[in-house]
Amino acid sequence: MNRIAGKPRDDSLIEVQCGGEDNNGCQLESFAEEVPGNGHNGVDKQQQSKDSVFFRDGVRRIDFVLSYYMDEKDKDADKKQERRKVYEAKLQECGLELETEDKSESEDGRTCYVKIHAPWEVLATYAEILKIKVPFKVNDIPDHRDMPLSWLCTPFRLPTHVMHPEPDFFTSPFDKSKVDFFLIDNKDTFFPPSTRNRIVYYILSRCAYQNTASQQNDKKGIKRLLNNGTYTAAFPLHDCRYWTQSRDPNCENERYSLYRYWAQFFRFYKEQPLDRIRNYYGEKIGIYFAWLGFYTEMLFYAALVGLFCFIYAVTTYDQSVWSKEICSENIGGQIVMCPLCDKKCGYWKLNSTCNSTWQSHLFDNVGTVFFAVFMAIWVTLFLELWKRRQARLEYEWDLVDFEEEQQQLQLRPEYEIKCQKRRLNRITQEMELVLDRSTADWVGKLCICWSTVVLWIALIIASIIGVIAYRLAVYAAFASAMRDSPTNKIQLVGSVITPQLATSVTASCINFVIIMILNFFYERVAIWITDLEIPKTHLEYENRLTVKMFLFQFVNYYSSCFYVAFFKGKFVGYPGDYAYMFNNKWSGLRNEECDPGGCLIELTTQLVIVMTGKQAWGNIQEALVPWMKNWWVSRSARNHPESLYSRWEQDHDLQNFSQLGLFYEYLEMVIQFGFITLFVASFPLAPLLALLNNILEVRVDAWKLTTQFRRPIAAKAHSIGAWEEILHMIAVFSVVTNAFIVAFTSDMIPRLVYLYAYHPGNEPTMQGYINNSLSIFNISQIPMDNQPEAGENPGWFNSSDITTCRYRDYRYPPGHEKEYSHTMQFWHIIAAKLAFIIIMEHVAFLVKFFVAWLIPDVPSDVKARVRRERYLIQEYLQKYELEKLKVQLSVNNGACTCDAPHPTACTPVDPRL
């Protein structure tokens, strides 16, 4: 083993130009210095524990680790070795200190590790460049956020030392020339590990790996070295094993604390230690868990109201007059319904749908309207209260002015290497990198990117059409096969298994499988087309990818629900003039009718299968897959003692947490948010399912991040980014969709119209509603192509006695002058539906805008703290400069003692004497 000490440099590295004119002279020494008695190093590996985050000297902290394989069979081994040599030499020139571990020291005998340490001079230089805020005074504003009845929350609280491991400080951007202005007790620990690894990664991403003589602008950055196999991994270290504290007294053991208080499932009822999460993983991951926790808390109230609505439906089970009429032998048992499909479906009695009618009542009742309006208010409260929570986090985590810094400083290395020109920034009056791209190139790539998105969305629509065709083709087969099926004789569930249910469930499952397959391939396509656009900053990259992914996912996950909610059963025609798919009777695919209990119960079925299936599959992927991979990779090293299984090897065996890791977490939750808002009128228990999933999700995400993944590179983020705008869009759209679901998918409006306008007698009543809602058709007028085949009709059907059948619609009976055309009641119902949509939308939007206006985005105490901090920064800096000027003047004007009359021989007297 050979330790290589780099030399500090004062040069800033916005665009890393490590090395002077003669880089060829800067070569690494041999990777393994021969020492007698040990072919690679003189340290006895059996005597010194390697489960440490420090160099071999036990003083310098390991801020980053690079790994690579030494494979003699690799035909590019010499090229990779040369790249590593140059790259590591340039890292030294940038001030970093390196220490290598030979492959003979590793568990597999072929992996080498390069440990990187950033000394104070490097950290101070780049902290100033990146405008990292550091403390200069303890916060002196008292916290008056005590809530009434806060003692009720005591069981859910964590100890104060866990929630707030450090006191609150006023902070200011670091200035290397004013070191004594800040509260620096120990330079080695002044910058936390998350800040240190962020600075080191900033250097790694911009350092070239070719000599100046042959250097190309795109031959730089650790990402390219990882992509071409020069290095196999680059990661910061966890500070200890997660299940036990480190033996090193200088180790912080933050990972152990996070696992103990946060990442275990039996802590599901406890609050999250957000400050510790932020300190260990960085602000970007911290704000994700803050949002997820807040979203889960707010789901509790939505789930509670949804549960009350469901309980109300259960308790009013026996008060449903129309359900009793359907199940009655004297009413529903005497009504003969027309066939639901051509040839394979026979005539049937209305009371055969008794069970589905009762099931429909659970989700199609007055409580549905109330819950839809409540969710419109809830989603507004959630978004507005989150803005306040986010504003508080921005202040507490020093992110108030971060957006401008993000745009100016966090340029993507992939963008920088493509830039060939510079131009003057009119604001900063500094030269900045600019991408030289022609209009034709820009338009061409834009067309390629968005035409690809449109193509994939069209593919989704085609798959949905295929599923619809499956539903139409299979329903008749199920109806014929299940007419004498043994399942009909099964107690309890036999009567529930109907052709409609079988068709809906199988189609939903097929649709779910198609969704997951398309999702798998499109993720890679979306990343590829976003890379083509070459976004300037990391924030811009994620926002562009977010828009593309969400557009696709929106269509992918919600299209089947939109079909059931707004298209199924709406364009079926009537007996004798049925509508067919593609408007082609010869296709044989007659448009679907709703379940006899209504389309709302089918929408509920679709929603439950897709939503719960996605959540279950997501949790399996997130927890089981990384665990199995890690188990397989580390199977041979698990039995080794701690002293032999080094900290960098342990982390190397873990899974890599990619830069898009959080993107998929947000996407999963936003898709869930869409399910519980866009279609919640059809399933009030959706928020409860989401709540149960999220309680598990928080701990699964915490567990996998703490135990199964390498430590992510710390990154800053002042908000949840483009997801916030997407949530607002979904919130607005959900008001419209729920209004349409209540109006057109449920039977709420037709019942109310009957109750107040078409009821028999003087008193409003629902008696006779079923007979009123079914139209009459003359069986003799049904075309031969639509009539059941021989043997398909039930035994009780006698064509000589039964001359008419009923169907769901409002049309005039046979023999009327307007035979089979829509009645006036139909148009009254349409008008009532449209009026309901307009009224509900206006009321919901009025309440939303009023709530948004009523709740300020930034709490008043946060505004006061921000103003106080800015005032103190100005005041303290002024005092600091005055004191510094006084000292300088006293030194310059100090008395002097002269041994000779010549003024050049005088010596200034120390002003402190």
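1. What about the overall build of the protein?
- Regarding its fold elements, the protein presents 26 helices and 17 strands.
- Counting across all 913 residues of the protein, residues that qualify as buried make up 52%.
- Of the contacts made within the protein by residues no fewer than 6 positions apart, 79% connect residues no fewer than 24 positions apart.
- Total accessible area on the protein is roughly 43,100 Å²; 59% of this is exposed by carbon and sulfur atoms.

2. Remarks on the nonpolar core
- Trp291, Tyr295, Trp378, Phe382, Tyr558, Phe675 and Phe679 are the most contacted members of the largest nonpolar core, which totals 141 residues.
- Examining the composition of this core, we find that 17 residues originate from one element, helix 9 (residues 283-315), more than from any other.
- Those residues in contact with tyrosine 295, other than ones at most four positions away along the chain, are Trp378, Phe382, Met669, Gln672, Phe673, Ile676 and Asn694.
- Formed by 47 residues, the second largest nonpolar core is a distinct cluster that contains Leu98, Cys112, Phe174 and Tyr202.

3. What about the state of the cysteines?
- What the rule picks out here adds up to three disulfides.
- Here cysteine 338 connects covalently by a disulfide to cysteine 805, the sulfurs 1.9 Å from one another. One quick way to see it: the torsion about the S-S bond of cysteine 338 and cysteine 805 is about 85°, and its sign makes the bridge right-handed. A residue pair is termed long-range when its members are at least 10 positions apart, and cysteine 338 in the loop between strand 8 (336-337) and strand 9 (348-349) and cysteine 805 in strand 15 (residues 804-808) qualify at 467 residues. For the pair shown, cysteine 338 and cysteine 805 are each scored as buried.
- Not part of a disulfide, cysteine 447 finds its nearest cysteine sulfur in cysteine 449, a span of 9.3 Å.

4. A look at the pattern of salt bridges
- For the structure shown, the criterion picks out 35 salt bridges.
- A salt bridge links glutamate 271 to arginine 157, with the shortest nitrogen-to-oxygen separation between them at 3.4 Å. Of this pair, glutamate 271 sits in the loop between helix 7 (254-261) and helix 8 (274-281) while arginine 157 sits in the loop between strand 5 (133-138) and helix 3 (160-163), placing them 114 residues apart in sequence.
- Linking aspartate 398 and arginine 278 is a salt bridge whose minimum nitrogen-to-oxygen distance equals 3.9 Å. Residue aspartate 398 is found in the loop between helix 12 (366-396) and helix 13 (402-409), and its partner arginine 278 is found in helix 8; the two are separated by 120 residues along the sequence. Arginine 278 carries the same exposure label as aspartate 398, and that label is buried.

5. Topic: the packing of aromatic side chains
- Here the structure, examined in full by the defined rule, presents 67 aromatic pairs.
- Taking the centre distance of 5.3 Å and the plane angle of 25° together, the rings of phenylalanine 174 and phenylalanine 182 count as stacked. Take phenylalanine 174 and phenylalanine 182: they sit in the same class, and that class is buried.
- The cationic tip of arginine 524 hangs over the ring face of phenylalanine 520; the distance from NZ or CZ to the ring centre is 4.0 Å.
- A cation over a ring is seen here: lysine 879 above tyrosine 876, with NZ or CZ 5.9 Å from the ring centre.

6. A closer look at helix 21 (residues 686-708)
- Its 23 residues give helix 21 an end-to-end C-alpha distance of 30 Å, which sits within 8% of 33 Å, the value for a rise of 1.5 Å per residue.
- Of all 23 residues making up helix 21, 17 are buried, and the element is well covered by its neighbours.

7. Let's talk about the side chain of threonine 530
- You can see threonine 530 is positioned in helix 16 (residues 499-533).
- According to the relative accessible area criterion, threonine 530 is buried, its value standing at 0%.
- Discounting chain neighbours no more than four positions away, the residues touching threonine 530 are Pro535, Tyr541, Arg544, Leu545 and Lys548.

8. Here we look at the packing of helix 16 against helix 17 (residues 538-566)
- Across the interface, helix 16 lies against helix 17 with an axial gap of 10 Å and an inter-helix angle of 160°. With respect to their mutual orientation, helix 16 and helix 17 come out roughly antiparallel. Taken as a pair, helix 16 and helix 17 cross one another with a handedness that is right-handed.
- The residue makeup of the contact of helix 16 with helix 17, split by class, is twelve nonpolar, six polar and five charged.

9. Things to note about a nonpolar patch on the surface
- On the surface, a cluster of nonpolar side chains totalling about 830 Å² of accessible area is made up of Trp617, Ile620, Leu624, Trp627, Met628, Trp631, Trp632 and Val633.
- Inspection of the secondary structure puts tryptophan 631 in helix 18 (residues 599-633).
- The partly exposed category is assigned to tryptophan 631, whose relative accessible area is 42%.

10. As for unusual backbone geometry
- Despite not being glycine, lysine 131 has its phi angle at roughly 55°, a positive value.
- By the element assignment, lysine 131 lies in the loop between helix 2 (120-129) and strand 5.
- Residue classification places lysine 131 among the partly exposed residues on the basis of a relative accessible area of 40%.
- Even without glycine at this site, isoleucine 534 takes up a positive phi of about 50°.
- Within the element layout of this structure, isoleucine 534 appears in the loop between helix 16 and helix 17.
- By relative accessible area, isoleucine 534 is classed as buried at 14%.

11. Things to note about the confidence of the model for the protein
- Per-chain confidence: the protein averages 81 in pLDDT, with 85% of residues scoring 70 or above.
- In this model residues 1-47 is a low-confidence stretch, pLDDT under 50, and it forms 116 contacts with partners more than four residues away in sequence or in other chains.
- A low-confidence stretch, residues 896-913 stays under pLDDT 50, and its non-local contacts, those more than four residues away or across chains, total 13 contacts.

12. Some points on the side chain of lysine 137
- Along the chain, the position of lysine 137 falls in strand 5.
- Apart from the residues lying within four places of it in its own chain, the contact partners of lysine 137 are Phe169, Phe170, Leu183, Leu872 and Tyr876.

13. Points about the packing of helix 7 against helix 8
- Where helix 7 meets helix 8, the closest approach of the two axes is 11 Å, and the angle between their N-to-C directions is 145°. Seen along the crossing, helix 7 lies across helix 8 with a hand that is left-handed. Taking contact as the criterion, the partners of Glu254, Arg255, Ser257 and Leu258 in helix 7 are, on helix 8, Arg276, Ile277, Tyr280 and Tyr281.
- When grouped by side-chain class, the residues that make up the contact of helix 7 with helix 8 number four nonpolar, one polar and three charged.

14. Description of the environment of methionine 766
- Positionally, methionine 766 belongs in the loop between helix 23 (748-758) and helix 24 (769-773).
- On the basis of relative accessible area, methionine 766 is assigned to the buried category, the value being 10%.
- Spatially, the C-alpha atoms of methionine 766 and arginine 751 are 7.6 Å apart, while their sequence positions differ by 15 residues.
- Once residues within four sequence positions are removed from consideration, methionine 766 is found in contact with Val321, Trp322, Glu325, Arg751, Tyr754 and Leu755.

15. Quick word on the environment of leucine 691
- Mapped onto the secondary structure, leucine 691 falls in helix 21.
- Taking relative accessible area as the criterion, leucine 691 reaches 10% and is therefore assigned buried.
- With 392 residues separating them in the primary sequence, leucine 691 and leucine 299 have C-alpha atoms 5.7 Å apart.
- Ignoring sequence-local partners within four residues, the contact set of leucine 691 consists of Thr296, Leu299, Phe300 and Ala303.

Rules behind the numbers
Residues numbered from 1 in each chain as written. Predicted model: local features only at pLDDT ≥ 70, side-chain atom pairs only at ≥ 80, totals over all residues. Heavy atoms only, no water. Helix = DSSP H or I, 4+ residues; strand = E, 2+ residues; numbered from the N terminus. Buried < 20%, exposed > 50% of the residue type's maximum accessible area, 1.4 Å probe, protein only. Contact = heavy atoms within 4.5 Å. Areas by Shrake-Rupley, 256 points an atom, 1.4 Å probe, with all protein chains shown as cover. Core = buried A, V, L, I, M, F, W, Y, C linked by side-chain atoms within 4.5 Å. Disulfide = S-S within 2.5 Å. Salt bridge = Lys/Arg side-chain N within 4 Å of Asp/Glu carboxyl O. Phe/Tyr/Trp six-rings, centres within 6.5 Å; stacked < 30°, edge-to-face > 60°. Lys NZ or Arg CZ within 6 Å of the ring centre and 35° of its normal. Expected span 1.5 Å × (residues − 1). Axes fitted to C-alpha atoms, helices over the stretch in contact; angles between N-to-C directions. Parallel < 35°, antiparallel > 145°, perpendicular 65-115°, else oblique. Left-handed = near helix turned anticlockwise from the far one by under 90°. Nonpolar A, V, L, I, M, F, W, Y, C, P; charged D, E, K, R; others polar. Patch = residues over 30% accessible without salt bridge, like charges linked within 9 Å, V, L, I, M, F, W, Y side chains within 5 Å. pLDDT = per-residue confidence, 0-100.

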